[in-house]
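# Working through the structure, step by step
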Amino acid sequence: LEAMRETNILAPPTDCLSPITADLVEAGLRKEYDADFYAAATRDADVHGGDPFIVEAGIAYGGELTADGSVDMLRFANRVPLVYQQGACAITDVVKSIGWRNYRLDQPGGSGVPNGPAVLMVHVASTNVPFTSESKDALANIPAIEDEIELAIREAARELKSYLNKRRSLQKRQQKQDVLSRILPEMADKVAEVTGRERPNIEVAMGRIMNNLCIDREVNNGTVTLTVEN
């Protein structure tokens with residue numbers, strides 16, 4: 001037993017696996033779904049029971065995707081879609097266990113499949129995929145594979161969270177600018193009326209309040225010069 005603990009055993013080769021790769025996962029989602037955001041992740045190869053495996057995940061969000069109901073789930077094993085027994089699949093169990101509110105998706109009750117205009121895709125490539133039955137419709141609950149599925153999904157979900165945070169920040173900024181664009185003209189007219197001076201330049205004031213960038217473009221003999229001021 002001590003000798004086995006001290007021996008470095010080589011991991012099985014992974015060149016026998018055929019992952020889709022993150023680039024092609026994202027390309028596939030772009031081809032099939034008209035969305036606003038896409039993200040994909042491919043994990044490094046791992047081993048379970050002497051068999052190597054690779055887990056990949058992809059997310060599409062927004063656009064023409066339906067906002068009502070749960071997100072659509074696409075499950076694949078060795079590039080073959082798993083159509084039936086979604087509720088009995090380890091992929092579904094992992095998705096339900098993730099706190100999707102942390103990634104800005106609605107999740108009633110704090111557990112279960114999240115709601116929203118999104119598509120979630122998971123692919124498991126292995127020399128020996130552990131199915132629940134001979135029909136090969138669902139993955140068995142193997143802790144090592146479930147851990148990799150969760151890590152792959154979270155990796156893609158972090159990019160979704162960053163995108164949604166930026167979009168929310170831009171929406172708040174636009175709302176603030178809309179309010180100012182209604183208030184500042186009235187203030188400028190009133191100031192000019194009270195002081196008897198010319199109407200102040202609203203654009204400059206708006207730029208300073210919103211911290212906008214001013215960009216001037218000049219073309220001279222085929223050379224384009226951009227001047228950026230904060």
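Structural data are supplied above this passage.
Here's a quick rundown of the structure. Predicted model, so just to flag it, every value in this text is computed and none were measured.

## Quick notes on unusual backbone geometry
In the Ramachandran plot, threonine 21 falls in the positive-phi region, its phi being about 80° despite a non-glycine side chain. Along the chain, threonine 21 turns up in the loop between α1 (2–6) and α2 (22–32). Even without being glycine, glutamine 85 reaches a positive phi, approximately 55°. Following the sequence through the fold, glutamine 85 ends up in the loop between β5 (80–81) and α3 (90–97). Its relative accessible area of 38% is what places glutamine 85 among the partly exposed residues.

## Focus on the packing of aromatic side chains
Enumeration according to the criterion identifies two aromatic pairs in this entry. Relative to tyrosine 163, the ring of phenylalanine 37 lies with its centre 4.9 Å away and its plane at 20°, an arrangement referred to as stacked. Of this pair, phenylalanine 37 sits in strand β1 (residues 37–42) while tyrosine 163 is found in helix α4 (residues 143–195), placing the two residues 126 residues apart along the sequence. By relative accessible area, phenylalanine 37 is classed as buried at 10%.

## Some remarks on empty space enclosed by the protein
Taking a probe equal in size to a water molecule and rolling it over the atoms shows the remaining empty space. By the definition in use, this model includes one cavity of 30 Å³ or more. Roughly 40 Å³ of volume is contained in the largest cavity. Lining the largest cavity are Ile59, Val71, Trp100, Leu105, Pro114, Ala118, Val119, Leu120 and Leu160. The biggest single contributor to the lining of the largest cavity is strand β6 (residues 118–126), with three residues. Residue classes in the lining of the largest cavity are distributed as nine nonpolar, no polar and no charged.

## Points about the pairing of strand β7 (residues 214–220)
The element β7 is largely exposed, with a buried count of zero among its seven residues. Examined bridge by bridge, β7 and strand β8 (residues 223–229) share seven bridges and lie antiparallel to one another. The residue of β8 that forms the bridge with aspartate 216 is threonine 227. From the end of β7 to the start of β8, which pair antiparallel, there are two residues, and asparagine 221 there has a positive phi angle of about 55°.

## Quick word on a positive patch on the surface
On the surface, Arg104, Arg167, Arg168 and Lys172 cluster together into a positively charged patch. Along the chain, arginine 104 turns up in the loop between α3 and β6.

## With respect to the nonpolar core
Core analysis: the largest hydrophobic core is formed by 38 residues, its most contacted members being Trp100, Leu139, Ile149 and Ile153. At the level of elements, β1, β3 (51–61), β4 (72–77), α3, β6 and α4 are the ones that each hand at least two residues to this core. Top contributing element to this core by residue count: α4, with eight residues.

## Observations regarding the packing of α4 against helix α5 (residues 202–210)
Two elements in contact, α4 and α5, have axes whose closest approach is 10 Å; the angle formed by their N-to-C orientations is 145°. Of the two elements, α4 crosses α5, and the hand of that crossing is right-handed. Contacts from Arg173, Lys176, Gln177, Leu180, Ser181, Leu184, Pro185 and Ala188 of α4 reach α5 at Ile202, Met206, Ile209 and Met210. Here the contact of α4 with α5 is built from residues that sort into eight nonpolar, two polar and two charged.

## Some words on the side chain of arginine 75
With respect to the secondary-structure elements, arginine 75 resides in strand β4. Although arginine 75 is buried, it makes no salt bridge; aspartate 137 carries the closest opposite charge, 6.9 Å away. Engagement of the side chain of arginine 75 in a polar contact is seen with the backbone oxygen of tyrosine 84, the distance being 2.8 Å.

## A short note on the pattern of salt bridges
Taken as a whole, this structure holds eight salt bridges when the rule is applied. For glutamate 155, the salt bridge goes to arginine 43, with nearest N and O atoms at 4.0 Å. Taken together, the residues span a long stretch of sequence, with glutamate 155 in helix α4 and arginine 43 in the loop between β1 and β2 (46–48) at a distance of 112 residues. Residue glutamate 155 is classed as partly exposed on the basis of its relative accessible area, which comes to 28%. When its relative accessible area of 24% is taken as the criterion, arginine 43 is described as partly exposed. A salt bridge links arginine 199 to aspartate 189; its shortest N-O distance comes to 2.6 Å. Linking arginine 199 in the loop between α4 and α5 with aspartate 189 in helix α4, this pair joins segments that are 10 residues apart in sequence. Assessed through its relative accessible area of 43%, arginine 199 is described here as partly exposed.

Conventions and cut-offs
Residue positions are given per chain, counted from 1 along the sequence in the order it is written. Since the coordinates come from a predicted model, pLDDT governs what is reported: local features require at least 70, and pairs of side-chain atoms require 80 or more to be given and counted, while whole-chain, interface and lining totals use all residues. Side-chain measures were taken over the full set of non-hydrogen atoms in the model, leaving aside hydrogen atoms and water. Here a strand is any run of E in DSSP of at least two residues, a helix any run of H or I of at least four, and the numbering for each starts at the N terminus. The classification of residues rests on relative accessible area computed with a 1.4 Å probe and restricted to protein chains. Under 20% of the type maximum is buried, over 50% is exposed, and intermediate values are partly exposed. Aromatic contacts are taken between Phe, Tyr and Trp rings whose centres are within 6.5 Å, Trp giving its six-membered ring; a plane angle under 30 degrees counts as stacked, one over 60 as edge-to-face, and the others as tilted. The rule is simple: put a 1 Å grid over the protein atoms alone, call a set of points where a 1.4 Å probe fits but cannot get out a cavity, call an open set with protein on both sides within 12 Å along at least five of seven lines a pocket, and count a residue as lining if it has an atom within 4 Å of a point. Grid points are joined across faces, edges and corners, and a volume is the space filled by probe spheres set on the points. Gly is put with the polar residues, along with every residue not named as nonpolar or charged; the nonpolar set is Ala, Val, Leu, Ile, Met, Phe, Trp, Tyr, Cys and Pro, and the charged set is Asp, Glu, Lys and Arg. Here, any two strands with at least 2 DSSP bridges between them count as paired. Residues qualify for a patch when their relative accessible area is over 30% and they have no salt bridge, like charges being joined within 9 Å and the nonpolar side chains of Val, Leu, Ile, Met, Phe, Trp and Tyr within 5 Å. Each accessible area is a Shrake-Rupley estimate made with a 1.4 Å probe; only the visible protein chains count as cover when residues are assessed. Salt bridges are defined as contacts in which a side-chain nitrogen from Lys or Arg sits within 4 Å of a carboxyl oxygen from Asp or Glu. This count recognises Lys and Arg as positive and Asp and Glu as negative, with His and chain-terminal groups excluded. Where a charge lies is defined by one atom per residue type: Lys uses NZ, Arg uses CZ, Asp uses CG and Glu uses CD. For this analysis, a nonpolar core means a set of buried residues of the types Ala, Val, Leu, Ile, Met, Phe, Trp, Tyr and Cys, connected via side-chain atoms within 4.5 Å. Orientation is described by axes fitted as lines to C-alpha atoms, over the contacting stretch for helices, and by angles from 0 to 180 degrees between their N-to-C directions. Left-handed describes a crossing in which the near helix is turned anticlockwise from the far one by less than a right angle; the clockwise case is right-handed. By the convention used here, residues are in contact when the closest approach between their heavy atoms is within 4.5 Å. In protein, a polar contact means a hydrogen-donor-capable atom and an acceptor-capable atom, both N or O and within 3.5 Å, with residues adjacent in sequence counting only if both atoms are side-chain atoms; elsewhere, any N or O pair within 3.5 Å suffices.

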